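Structural features, examined
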Amino acid sequence: MDLNNRVLIIDDDKSVLENYQDILGFDDFEDDPLEAFMEEVPSDPITYRMHFEFEMATQGEEGVFLAKEAMEKNKPFAVAFLDMRMPPGIDGLETARRLRDLDPGIYIVVVTAYADRENYMDSLQSIVSRNFLMIRKPFTEEEIFQLARNYCQAWSRDYELMELQTELEQKVAVRSEELRETYEQLQETQAEMIRRLGHAVEFRDNETGFHVERISHYADRLAKEVGFSVARCQLLKDVSTIHDIGKIGIPDRILLKEGKLDEEEWVIMKQHAEIGAQLLEGNDSRLFKMARNITRYHHEKWNGSGYPEGLKGEKIPMEARILAVVDVFDALTSKRPYKKSWPVEQAFDELIKLSGSHFDPRLVDLFLRIREDILKIKDRYSDEKAPPSVSVNRS
């Protein structure tokens, strides 16, 4: 924007208005007025002139109307010179307040001949707070000219800074949105890779049908009942699919054995919890941290008799405690080559029986509270609706 040279003058004394006109209307330069304005004439400041575009009013209300009209035309005033008392209309303080409400950027100079200038100064400061000045009548030609010139300059600098700030804020907003979208895409890609990895584990373990789908939806529903945030629920839903990823490190002779594992084989089988956590090391994102927690600790037990570390009670991460409940429930209610599926009521009774020893008792209570939702998930992802496959599943 070019230099704003617009000045508003409000005074009920017509002789004073004529003084302003004599001072601000003078222009002895034939060249471009902005060029003249930028030329320094330090030896005689009053001859250092510029062209002003000004409008005058004799009452505060009239001046406010002119300012409003100027704002609507996108031609705001840079500075307003106001008389303090302009009967019968509003005084300079009220005029200043209304002008500042219309245009927070306008500079205000209040001119008064009254002795109680200090009291007015305090009132003015409380009304407009910044970019204002109070001077005493009678004023000098040089005083008015230099104030008008300096405040027009200041207003123009303010406007340029505001435009720059707006431009920077817009660029930051655009960049922030781009970064947010990129972050979300990375998060979704990461989550999708985790989900696909979970399904890959099914092939390695020959897991039946919709096992990981049920586990993830059971865990999500129970987490909501616990009070997890939406984002944390989604994380748990994603990473629960790989809770048994460590089984890819278990030899086929043990993992795919149809009979009961002997003591040595069971020791090796239990290593899948640590193997899974080790596979997920090296990334400290929230997703990977949670994935490591459920992979390493979902076989821990509330009474400390679980593995791999024998953690007890609330020392077991909440995500792992949730997985423990839903994983066992799904194992009990699913058919395997080496066992029949349990009736759901018997499975719920087993959870109650193991509450306080194997499972966090609060989680068991919450799981029972949402049993209708759990049964809907079980029906929606029943193995009968999944492609047939051979399965062996050992917890």
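Here we summarise the structure given alongside this text. (Residues numbered from 1 in each chain as written. Predicted model: local features only at pLDDT ≥ 70, side-chain atom pairs only at ≥ 80, totals over all residues. Heavy atoms only, no water.)

1. Digging into the sheet that holds strand β1 (residues 6–10)
Rules: A pair of strands is treated as paired once DSSP finds two or more bridges between them. Secondary structure elements are taken from DSSP: a helix is a run of H or I of four residues or more, a strand is a run of E of two residues or more, and numbering for both begins at the N terminus. Think of each axis as a best-fit line through the C-alpha atoms, taken over the contacting stretch in the case of a helix, with angles from 0 to 180 degrees between the N-to-C directions. In what follows, residue pairs with any heavy atoms lying within 4.5 Å of each other are defined as contacts.
Overall, parallel pairing links the 5 strands, which are arranged β2-β1-β3-β4-β5 in an open sheet. In the strand order of this sheet, the two ends are held by β2 (53–57) and β5 (132–136), each with one partner. Between one strand and the next, the sheet's axes are offset by a mean angle of 15°, whatever the strand orientation. Alignment of β1 against β2, held across 5 bridges, turns out to be parallel. Bridge assignment links arginine 6 to a residue of β2, and that residue is glutamate 53. Strands in contact with helix α1 (residues 14–24) are β1, β2, β3 (79–83) and β4 (107–112); relative to β2, the strand with the most contacts, it is inclined by about 180°. Contacts from helix α4 (residues 92–102) reach β1, β3 and β4, with the element oriented near 160° to β3.

2. Looking at the packing of helix α14 (residues 344–354) against helix α15 (residues 361–369)
Let me state the cut-off plainly: Should an angle lie under 35 degrees it is considered roughly parallel, over 145 roughly antiparallel, and from 65 to 115 roughly perpendicular; all remaining angles are considered oblique. Left-handed describes a crossing whose near helix is turned anticlockwise from the far helix by less than a right angle; the clockwise case is right-handed. Throughout, the ten residues Ala, Val, Leu, Ile, Met, Phe, Trp, Tyr, Cys and Pro are labelled nonpolar, Asp, Glu, Lys and Arg are labelled charged, and all others, Gly among them, are labelled polar.
For the pair α14 and α15, interaxial distance at closest approach is 9 Å and the crossing angle is 160°. In terms of orientation, α14 and α15 fall into the roughly antiparallel class. With respect to the hand of their crossing, α14 and α15 are arranged in left-handed fashion. In this structure, α14 uses Phe348, Leu351 and Ile352 to contact α15, whose residues at the interface are Val364, Phe367 and Leu368. When grouped by side-chain class, the residues that make up the contact of α14 with α15 number 6 nonpolar, no polar and no charged.

3. Looking at unusual backbone geometry
Note the threshold: Under the scheme applied here, a residue whose accessible area is under 20% of the maximum for its type counts as buried, over 50% as exposed, and between as partly exposed, the area being computed with a 1.4 Å probe on protein chains only.
For the bond from proline 87 to proline 88, the omega torsion is 5°, close enough to zero to count as cis. A positive phi angle is found at asparagine 74, which is not glycine, with a value near 60°. Positionally, asparagine 74 belongs in the loop between α3 (60–72) and β3. Given the relative accessible area of 62%, asparagine 74 is considered exposed.

4. Side note on the side chain of arginine 6
Our working rule: Polar contacts, as used here, are pairs of N or O atoms within 3.5 Å; protein pairs need one atom able to donate a hydrogen and one able to accept it. Residues neighboring in sequence count only if both atoms are side-chain atoms.
Relative to the elements of secondary structure, arginine 6 occurs in strand β1. At a separation of 3.2 Å, a polar atom in the side chain of arginine 6 contacts the side chain of glutamate 55. Setting aside residues up to four positions removed in sequence, arginine 6 forms contacts with Glu53, Glu55, Ala70, Lys75, Pro76, Phe77, Ala78, Val79 and Cys152.

5. Thoughts on the side chain of arginine 214
Take arginine 214: it is sitting in helix α7 (residues 211–226). Overall, arginine 214 belongs to the buried group, its relative accessible area being 3%. In terms of polar contacts, arginine 214 uses its side chain to reach the side chain of serine 334, at 3.1 Å. Within the local environment of arginine 214, its side chain forms a polar contact with the backbone oxygen of tyrosine 381, the two atoms lying 2.8 Å apart. When residues no more than four places from it in sequence are discounted, the contact partners of arginine 214 are Asp330, Ser334, Ile377, Lys378, Tyr381, Ser382 and Asp383.

6. Section: helix α11 (residues 272–279)
Put simply, the rule reads: The arc in question is the one traced by the directions running from the helix axis out to the C-beta atoms.
Buried within α11 we find His272, Ala273, Gly276 and Ala277. The buried residues of α11 occupy an angular sector of 135° when projected down its axis, which confines them to one face. Buried residues along α11 sit against α10 (263–269) and α12 (286–297).

7. Things to note about a nonpolar patch on the surface
Convention followed: Residues enter a patch when their relative accessible area is above 30% and they make no salt bridge; the linking distance is 9 Å between like charges and 5 Å between nonpolar side chains (Val, Leu, Ile, Met, Phe, Trp, Tyr). Accessible areas in this description were obtained via Shrake-Rupley with a 1.4 Å probe; residue shielding takes into account the shown protein chains only. Salt bridge, as used here, is a side-chain nitrogen of Lys or Arg placed within 4 Å of a carboxyl oxygen of Asp or Glu.
Residues Leu161, Leu164 and Leu168 make up a contiguous nonpolar surface patch of about 290 Å² in total accessible area. By the secondary structure assignment, leucine 164 is in helix α6 (residues 141–205). Leucine 164 sits in the partly exposed class, given a relative accessible area of 44%.

8. Examining helix α13 (residues 318–332)
The line we're drawing: The span one expects for a helix is its residue count, reduced by one, times 1.5 Å.
The terminal C-alpha atoms of α13, which comprises 15 residues, lie 22 Å apart, in line with the 21 Å expected from a rise of 1.5 Å per residue. Counting buried positions over the 15 residues of α13 gives 15, a clear majority of the element.

9. Observations regarding the packing of aromatic side chains
Convention followed: Any pair of Phe, Tyr and Trp rings, taking the six-membered ring for Trp, is counted once the centres come within 6.5 Å. Such a pair is stacked with planes under 30 degrees apart, edge-to-face with planes over 60 apart, and tilted for the rest.
A complete count under the given rule lists 11 aromatic pairs for this structure. Plain terms: the ring middles of tyrosine 107 and tyrosine 151 are 4.8 Å apart, the flat faces sit at 25° to each other, and that makes the pair stacked. Here tyrosine 107, found in strand β4, pairs with tyrosine 151, found in helix α6; they are 44 residues apart in sequence, far enough to count as distant. The class of tyrosine 107 is buried, set by a relative accessible area of 7%.

10. Here we look at the nonpolar core
Short version of the rule: To form a nonpolar core, buried Ala, Val, Leu, Ile, Met, Phe, Trp, Tyr and Cys residues must be joined to one another through side-chain atoms within 4.5 Å.
Membership of the largest hydrophobic core comes to 43 residues, with the highest contact counts inside it found for Leu236, Ile322, Leu351 and Phe367. If one sorts the elements of this core by residue count, α13 sits on top with 9 residues. If near-sequence neighbours (up to four positions away) are discounted, phenylalanine 367 is found in contact with Leu222, Val325, Val326, Phe329, Phe348, Leu351 and Ile374. Formed by 24 residues, the second largest nonpolar core is a distinct cluster that contains Val7, Leu24, Ile144 and Trp155.

11. Side note on the environment of glutamate 314
Position of glutamate 314 relative to the elements: it lies in the loop between α12 and α13. Beyond its immediate stretch of four places on either side in the chain, glutamate 314 contacts Trp302 and Arg321.

12. What to know about a negative patch on the surface
Note the threshold: When charges are counted, neither His nor the chain ends are considered; positive counts come from Lys and Arg and negative counts from Asp and Glu. Taken as the charge location is NZ of Lys, CZ of Arg, CG of Asp or CD of Glu.
On the surface, a cluster of negative charge is made up of Asp12, Asp13, Glu18 and Asp22. Looking at where glutamate 18 falls in the secondary structure, it is placed in helix α1.

Without other data, these values stay purely geometric and don't point to any function.
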